[in-house]
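One-letter residues, chain by chain:
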Amino acid sequence: MSTLDVPRAELALLVLYLNKAEARDKICRAIQYGSKFVSNGQPGTAQNVDKSTSLARKVFRLLKFVNDLHALISPVPQGTPLPLVLLGKSKNALLSTFLFLDQIVWLGRSGIYKNKERAELLGRISLFCWMGSSVCTTLVEIGELGRLSASMKKLEKELKDTDKHQNEQYRAKLQKSNERSLALVKAGMDIVVAVGLLQLTPKKVTPRVTGAFGFVSSLISCYQLLPSRPKAKTL
């Protein structure tokens, strides 16, 4: 094996990761909220970075609302309880609306759309939609984790005489449970970020708190988008 094989493989994964518009968006999001944490709402370089990065991110989200619009009209997996179906579809509808209205906000901040008051109002409505979608995501993840937990307990009973961690089905369910737990944490943090951006409780959720939660949430998003490493070949 060449000494450059490992660095070459790592760089290939990095290129694959950075080629995703979603990954670049989340990296910019981490910079945006990290700057918000540093500035704490005070004028200066950090606040300028926060505002400029926020505006730049909107370009990455052009027409992104189509993704959730497609998910909204797509069929759901069989056996999914009706409450979870309704919550999932509500999340898609709210997130698609947020992303659509966000395009108008970008037009307003770019000077193309001249009605600033209307753009600011639509921006606030879009943030409420995003907060609503995060609430729906939180409830969906809690419900799905409950279903996973029940199925894992059932599988544990079937595998009581064997090592459950050697069972491929159990390992897959455990991995799915970890992924959903991480998504639940992220959705909960995004609710706090939305509350901070809307200034619903400005004394408790300050710009620094908003920045901290947004930064950690962004790092989780970056982690979730990491490409899977190829499995090593066994001889």
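*Asks:* Would you explain unusual backbone geometry in this entry?
*Replies:* Peptide bonds are trans in most cases, and residues, glycine excluded, mostly fall at negative phi. For N40, which is not glycine, the phi dihedral falls at a positive 55 degrees. Relative to the elements of secondary structure, N40 occurs in the loop between helix 2 (21-39) and helix 3 (45-60). A relative accessible area of 28% places N40 in the partly exposed class. Of note, the phi angle at L63 is positive, near 60 degrees, even though the residue is not glycine.

*Asks:* For this particular structure, what's the right way to read the pattern of salt bridges?
*Replies:* For side chains bearing opposite charge, pairing can occur when the charged atoms are close. Considering all chains together, one arrives at 12 salt bridges under this definition. For K186, the salt bridge identified is with D190, shortest N-O distance 2.7 Å. Here K186 pairs with D190, and both are found in helix 7 (residues 168-198), just 4 residues apart, close to one helical turn. In this structure, K186 and D190 share a single accessibility class: buried. It is possible to trace a salt-bridge network through shared partners that takes in E22, D25, K26, R57 and K64.

*Asks:* Would you mind going over the packing of aromatic side chains with me for this structure?
*Replies:* Under the criterion given, the structure shown has 2 aromatic pairs. Geometrically, the ring pair formed by F65 and F100 is edge-to-face, given 5.3 Å between the ring centres and 80 degrees between the ring planes. With F65 in helix 4 (residues 65-73) and F100 in helix 5 (residues 82-110), this residue pair connects regions lying 35 residues apart in the sequence. Over the ring of F37 we find R208, and its NZ or CZ is 5.1 Å from the ring centre.

*Asks:* Any chance you could explain the side chain of E141 here in plain terms?
*Replies:* With respect to the secondary-structure elements, E141 resides in helix 6 (residues 116-158). Among the residues examined, E141 registers a relative accessible area of 10% and is labelled buried.

*Asks:* Any chance you could explain the environment of L225 here in plain terms?
*Replies:* Inspection of the secondary structure assignment puts L225 in the segment after helix 8 (207-224). The spatial distance from the C-alpha of L225 to the C-alpha of L18 is 10.0 Å, given a sequence separation of 207 residues. Excluding residues within four positions of it along the chain, L225 makes contact with Y17, K20, E22, A23 and K26.

*Asks:* Looking at this model, I keep getting lost on helix 5. Mind explaining?
*Replies:* Look at helix 5: 42 Å from first C-alpha to last across 29 residues, which is about the 42 Å you get at 1.5 Å a residue. One or two residues past the end of helix 5 sits G111, with phi positive at roughly 90 degrees.

*Asks:* When you look at a nonpolar patch on the surface in this model, what are you seeing that I'm missing?
*Replies:* Together, L11, L14, L18, I27 and I31 give the surface a local cluster of nonpolar side chains, amounting to about 410 Å² of exposed area. For the nonpolar patch, the elements supplying multiple residues, two or more each, are helix 1 (5-18) and helix 2. In terms of residue count, helix 1 provides more of the nonpolar patch than any other element does, 3 residues in total. Looking at the secondary structure, you find I31 in helix 2. Judged by relative accessible area, which is 43%, I31 ranks as partly exposed.

What counts as what
- Residues numbered from 1 in each chain as written.
- Predicted model: local features only at pLDDT ≥ 70, side-chain atom pairs only at ≥ 80, totals over all residues.
- Heavy atoms only, no water.
- Helix = DSSP H or I, 4+ residues; strand = E, 2+ residues; numbered from the N terminus.
- Buried < 20%, exposed > 50% of the residue type's maximum accessible area, 1.4 Å probe, protein only.
- Salt bridge = Lys/Arg side-chain N within 4 Å of Asp/Glu carboxyl O.
- Phe/Tyr/Trp six-rings, centres within 6.5 Å; stacked < 30°, edge-to-face > 60°.
- Lys NZ or Arg CZ within 6 Å of the ring centre and 35° of its normal.
- Contact = heavy atoms within 4.5 Å.
- Expected span 1.5 Å × (residues − 1).
- Patch = residues over 30% accessible without salt bridge, like charges linked within 9 Å, V, L, I, M, F, W, Y side chains within 5 Å.
- Areas by Shrake-Rupley, 256 points an atom, 1.4 Å probe, with all protein chains shown as cover.

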